[in-house]
Amino acid sequence: MKNLAFIFLSVSSMLVSGPIIAQGCYQNNLAAGKREYLAKNYEKALSYFSRGCECSECSSGEVDCTEGKKWIDKCKIVLFDETVMDIDGNVYHQVIIGTQIWMVENLKTTHYRDGSLIPKVTDDTEWSDLTKGAYCNYYEDPGDIQTYGRLYNWDAVKNEKGLAPLGWHVPTVEEWTTLINFLGDTSISGGKLKEAGTTHWKSPNTGATINSGFFALPGGFRYVNAGEHLRNENGFWWSSSAHSIAYAYAVVLFFDSAKVGFGKHLESSGLSVRLIKD
């Protein structure tokens, strides 16, 4: 396929400020209410929390502690029980990874934040000729929407009406870099971002450890004029950062690699969207 360019980059360390809302060290040190919520509503998170992490004692006066412990920076990864609803009523969980708060699921909305309808376009020729925001569903399978979300072109991402709920936004390439850098580097972070197992990812799902709580799924993408491709093999996510004329930055994860791909993608392609908190 033409115009599909992803490059493995080395990323430098970047930090952003943001609240750490909930913390803990081991599963047994999580507050009982938190453990009960996860078991009842988000069972797949338990496999992350049971892994444990390195802990150190809290210093006097510190407020980011749970039962007398705190997480060191590399362990500040917490799925917590607040949810966010988009304008369509779709509900999303949140996860704290380092100093950032991300949604755990891909975006599913069919309306902009102001209530305006995002056009749904299924015809390949019409899609390739678009000069406005649009979305599609992979092979128009409604049963997959709740799992994988929808695919959006970049015009929808940059639309001033707002694709994200209030208080959230599509991440910049710098914010993606912060996430990847926090989890290691581009050679291993893809594995930590992916959902573990082969229920959704094609085997072997190399390096998938679920260690971040991000639960990335392989939603595939829509090529400009050739339909949808690579479901269960690759996941593609937009950034809000332009790359060059007709291209924007995006991130890709692979079923056969633990790497993260950074690169340019045609703005007229259809990719998944994952949101980050303002």
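The sections below set out a description of the structure shown in this document.

Definitions and cut-offs
- Residues numbered from 1 in each chain as written.
- Predicted model: local features only at pLDDT ≥ 70, side-chain atom pairs only at ≥ 80, totals over all residues.
- Heavy atoms only, no water.
- Helix = DSSP H or I, 4+ residues; strand = E, 2+ residues; numbered from the N terminus.
- Contact = heavy atoms within 4.5 Å.
- Areas by Shrake-Rupley, 256 points an atom, 1.4 Å probe, with all protein chains shown as cover.
- Buried < 20%, exposed > 50% of the residue type's maximum accessible area, 1.4 Å probe, protein only.
- Salt bridge = Lys/Arg side-chain N within 4 Å of Asp/Glu carboxyl O.
- Pairing = 2+ DSSP bridges.
- Core = buried A, V, L, I, M, F, W, Y, C linked by side-chain atoms within 4.5 Å.
- Polar contact = N/O pair within 3.5 Å; in protein donor to acceptor, adjacent residues only side chain to side chain.
- Phe/Tyr/Trp six-rings, centres within 6.5 Å; stacked < 30°, edge-to-face > 60°.
- Lys NZ or Arg CZ within 6 Å of the ring centre and 35° of its normal.

What follows deals with the overall build of the protein chain. Along the backbone of the protein chain there are seven helices and 15 strands. Considering only contacts in the protein chain between residues 6 or more positions apart, those separated by 24 or more positions represent 59%. Just so you have it, the protein chain exposes about 12,000 Å², and 50% of that area is on carbon and sulfur atoms.

Right, let's talk about helix 6 (residues 173-183) for a bit. Burial runs high along helix 6: nine of the eleven residues are buried. Taken together, the buried positions of helix 6 are V173, E175, W176, T177, T178, L179, I180, N181 and L183. Of the residues trailing helix 6, G184 is marked for its positive phi of about 145 degrees.

Our focus in this paragraph is the pattern of salt bridges. Within this structure, the stated rule accounts for four salt bridges. D155 is paired through a salt bridge with K158; the nearest N and O atoms lie 3.5 Å apart. Taken as a pair, D155 and K158 lie in helix 5 (residues 154-158) at a separation of three residues, close to a single helical turn. Across the pair E267 and K158 runs a salt bridge whose closest N-O atoms are separated by 3.9 Å. Placement of E267 in the loop between strand 14 (260-266) and strand 15 (276-277) and of K158 in helix 5 is noted, with a sequence separation of 109 residues between them. On the accessibility criterion, K158 (46% relative accessible area) is partly exposed. Among the charged side chains, a salt-bridge network with shared partners connects D155, K158 and E267.

Quick look at the pairing of strand 6 (residues 100-103) now. Residue alternation in strand 6 divides its side chains into two sets, Q100 and W102 and I101 and M103, and both sets are buried. Hairpin connection, strand 5 (residues 91-97) to strand 6: the antiparallel pair is bridged by two residues, and G98 has positive phi, about 65 degrees.

What follows concerns the nonpolar core. Y152, L163, W238, V273 and L275 are the most contacted members of the largest nonpolar core, which totals 28 residues. Broken down by secondary-structure element, the contributors of at least two residues to this core are strand 5, strand 6, helix 5, strand 12 (234-244) and strand 13 (247-254). Ranked by size, the runner-up nonpolar core spans 23 residues in total, among them L193, F255, V260 and I276.

Okay, the side chain of H93 next. Examined against the element boundaries, H93 turns out to sit in strand 5. Here the side chain of H93 touches E105 through a polar contact of 2.8 Å, side chain to side chain.

Glancing now at the pairing of strand 14. Regular strands have side chains that alternate between both faces of the sheet. With six of seven residues buried, strand 14 lies mostly within the body of the structure. With seven bridges connecting them, strand 13 and strand 14 associate as antiparallel partners. Bridging across to strand 14, V252 finds its partner in G261. Here strand 13 hands over to strand 14 after five residues, the two strands then running antiparallel side by side.

So, on to the packing of aromatic side chains. Throughout the structure, instances matching the rule amount to five aromatic pairs. Look at W102 and W176: their rings are 4.9 Å apart centre to centre, the planes differ by 45 degrees, and that puts the pair in the tilted class. On the criterion of sequence distance, the pair formed by W102 in strand 6 and W176 in helix 6 is long-range, its members being 74 residues apart. Here the two residues W102 and W176 agree in accessibility, since each one is buried. Judged by centre distance (4.8 Å) and plane angle (50 degrees), the ring pair of F221 and F236 falls under tilted. One end of the pair, F221, is in strand 10 (residues 221-222); the other, F236, is in strand 12, and 15 residues separate them in sequence. Residues F221 and F236 agree in their burial class; the two are buried. Pairwise contacts between aromatic rings join W102, W176 and F214 into one cluster. Over the aromatic face of Y247 sits the side chain of K264, whose NZ or CZ is 4.5 Å from the ring centroid. In this structure, R274 packs its charged tip against the face of F214, placed 4.1 Å from the ring centre.

Mapped onto the elements of the fold, K132 is located in the loop between helix 3 (124-128) and strand 7 (135-136). Linking K132 and W154, residues 22 residues apart in sequence, is a C-alpha distance of 8.8 Å. With sequence-adjacent residues up to four places away left out, K132 is seen in contact with P119, N153 and D155.

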